[in-house]
Amino acid sequence: MNHRIAAPGLPAAVLFDMDGTLVDTEQLWWATAEQVADRIGRPLTDADMPHVLGRPAAHTAAHLHRTGGPAAPDLATLATELDAVFAARVAREIVPRPGVLRLLNELAAADVPAAIVSASPRQVVDLVRKALGEDRFALTFAVEDTARTKPAPDPYLAAAAALGVEPHACVVVEDTPTGVAAAEAAGCTVLAVPSTVPIQPAADRTVLDSLERADLALLVSLVTSAKRN
């Protein structure tokens, strides 16, 4: 592996979650799960949120299969339907989150690599990358790219390795407790911007209400603070 040396003080890379962080897809994913759940006669409630938000299709499909009763289709059918409905919604309704494009442009101007690290399928990740500008991202990781996905640290460890940087020198931007757990288990500094489920500040974890309040200077301060701790 070739190791990349970051400019002094800068993050070695910024690793972005996708759904609910870069683009407003958490609501699209919830609507997707609602649509599929309604079809099998098992409407969603708030109690289902931990099994939907921030989770890959395989996890949500398993949850619906487990709780859907005898009318629930087989697991593979549910996962395929969730992926297809979600991809169609993303293609129609994708919207960048406030502050995202400005922050990505600032990172590019400073030569700080950005990556998408997502629990969504490759088809959806590629749609989002194209919509936001393919050249804004050095690489992307989708759910198929690691043996385990979030909350395991594997996706963030793999992204850092592919970029040739150390995880502790990276800032991860996340919006769910599941993603935060993955980033922290990988040893990354975390900037959390909750989309639906509240996230509390903690050591090496800063919480903002919007990426409109984030800039390169803030990311530099997070990395510098993490080095001191």
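In this text the structure is predicted, and so the values were computed from the model without any measurement.

**Student:** Before we go on, may I ask you to explain the overall build of the chain in this structure?
**Tutor:** Within the chain one finds 8 helices and 6 strands. If you list the helices and strands of the chain from N to C, you get β-α-α-α-α-β-α-β-α-β-α-β-β-α. Taking 229 residues into account, the globule formula puts the C-alpha radius of gyration at 17 Å, and the chain, at 17 Å, falls close to it. Per-residue burial over the chain gives 53% buried out of 229 residues. Accessible surface for the chain amounts to roughly 9900 Å². Of this, 55% is attributable to carbon and sulfur atoms.

**Student:** Looking at this model, I keep getting lost on the sheet that holds strand β5 (residues 189-192). Mind explaining?
**Tutor:** Across the sheet, which stays open at both edges, the 6 strands sit in the order β3-β2-β1-β4-β5-β6 with parallel pairing between neighbours. What marks the edges here is a single partner per strand, and that holds for β3 (139-141) and β6 (205-207). Direction aside, the axes of adjacent strands within the sheet are offset by 20 degrees on average. Looking at chain direction, strand β2 (residues 114-117) and β3 are connected through 3 bridges and run parallel.

**Student:** Any chance you could explain unusual backbone geometry here in plain terms?
**Tutor:** What you tend to see is this: most non-glycine residues have negative phi, and most peptide bonds are trans. For the bond from K150 to P151, the omega torsion is 15 degrees, close enough to zero to count as cis. Turning to its location among the elements, P151 is positioned in the loop between β3 and α6 (154-163). With a phi close to 60 degrees, D111 is a non-glycine residue in the positive phi region. Relative to the helices and strands, D111 resides in the loop between α4 (100-109) and β2.

**Student:** What am I meant to see in the nonpolar core here?
**Tutor:** One recurring pattern in soluble globular proteins is that nonpolar side chains are buried together. In terms of nonpolar packing, the biggest core is built from 52 residues, with F16, L22, L107, L191, L211 and L219 touching the most fellow members. Each residue touching L219, except ones within four places of it in the same chain, is listed here: P11, V14, L103, L107, V171 and L191. Residues A159, A169, V172 and V190 belong to the second largest nonpolar core, which totals 23 residues.

**Student:** I tried to follow the packing of helix α1 (residues 26-39) against helix α3 (residues 75-93) on my own but got confused; where do I start?
**Tutor:** Helix packing geometry: the angle between the two helix axes and the distance between the axes. One can describe the packing of α1 onto α3 by two numbers: an axis separation of 9 Å at closest approach and a directional angle of 135 degrees. When the axis of α1 is compared with that of α3, the two are oblique. Here α1 and α3 pass one another in a crossing that is right-handed. Residue-level contacts link L28, W29, A31, T32, A33, Q35, V36 and R39 of α1 to L78, E81, L82, V85, F86, R89, V90 and E93 of α3. For the contact of α1 with α3, the per-class residue count stands at 10 nonpolar, 2 polar and 4 charged.

**Student:** Is there a simple way to explain the pairing of β5 in this structure?
**Tutor:** The side chains of a regular strand alternate between the sheet's two faces. Side chains of β5 alternate between two faces, with T189 and L191 and V190 and A192 buried alike. Sheet topology places strand β4 (residues 170-174) next to β5; 4 bridges connect them, and they run parallel. By the bridge assignment, E174 is partnered in β5 with A192. Viewed along the sheet, the connection from β4 through helix α7 (residues 177-185) into β5 turns out right-handed. Note: β5 against β6, 3 bridges, orientation parallel. Note on β6: the bridge partner recorded for V190 is R205.

**Student:** Looking at this structure, how should I read the packing of helix α2 (residues 57-67) against α3?
**Tutor:** Where α2 contacts α3, the axes come no closer than 8 Å and their chain directions differ by 130 degrees. Between α2 and α3, the angle falls in the class oblique. In this structure, α2 crosses over α3, and the sense of that crossing is right-handed. Here A57, T60, A61, A62, L64 and H65 of α2 lie close against α3, whose contacting residues are L75, L78, A79, L82 and D83.

Rules and cut-offs
Residues numbered from 1 in each chain as written. Predicted model: local features only at pLDDT ≥ 70, side-chain atom pairs only at ≥ 80, totals over all residues. Heavy atoms only, no water. Helix = DSSP H or I, 4+ residues; strand = E, 2+ residues; numbered from the N terminus. Rg over C-alpha atoms; globule rule 2.2 N^0.38 Å. Buried < 20%, exposed > 50% of the residue type's maximum accessible area, 1.4 Å probe, protein only. Areas by Shrake-Rupley, 256 points an atom, 1.4 Å probe, with all protein chains shown as cover. Pairing = 2+ DSSP bridges. Axes fitted to C-alpha atoms, helices over the stretch in contact; angles between N-to-C directions. Core = buried A, V, L, I, M, F, W, Y, C linked by side-chain atoms within 4.5 Å. Contact = heavy atoms within 4.5 Å. Parallel < 35°, antiparallel > 145°, perpendicular 65-115°, else oblique. Left-handed = near helix turned anticlockwise from the far one by under 90°. Nonpolar A, V, L, I, M, F, W, Y, C, P; charged D, E, K, R; others polar. Right-handed = clockwise from strand over helix to strand, strands pointing away.

The quantities given are spatial measurements derived from coordinates; they are silent on function.
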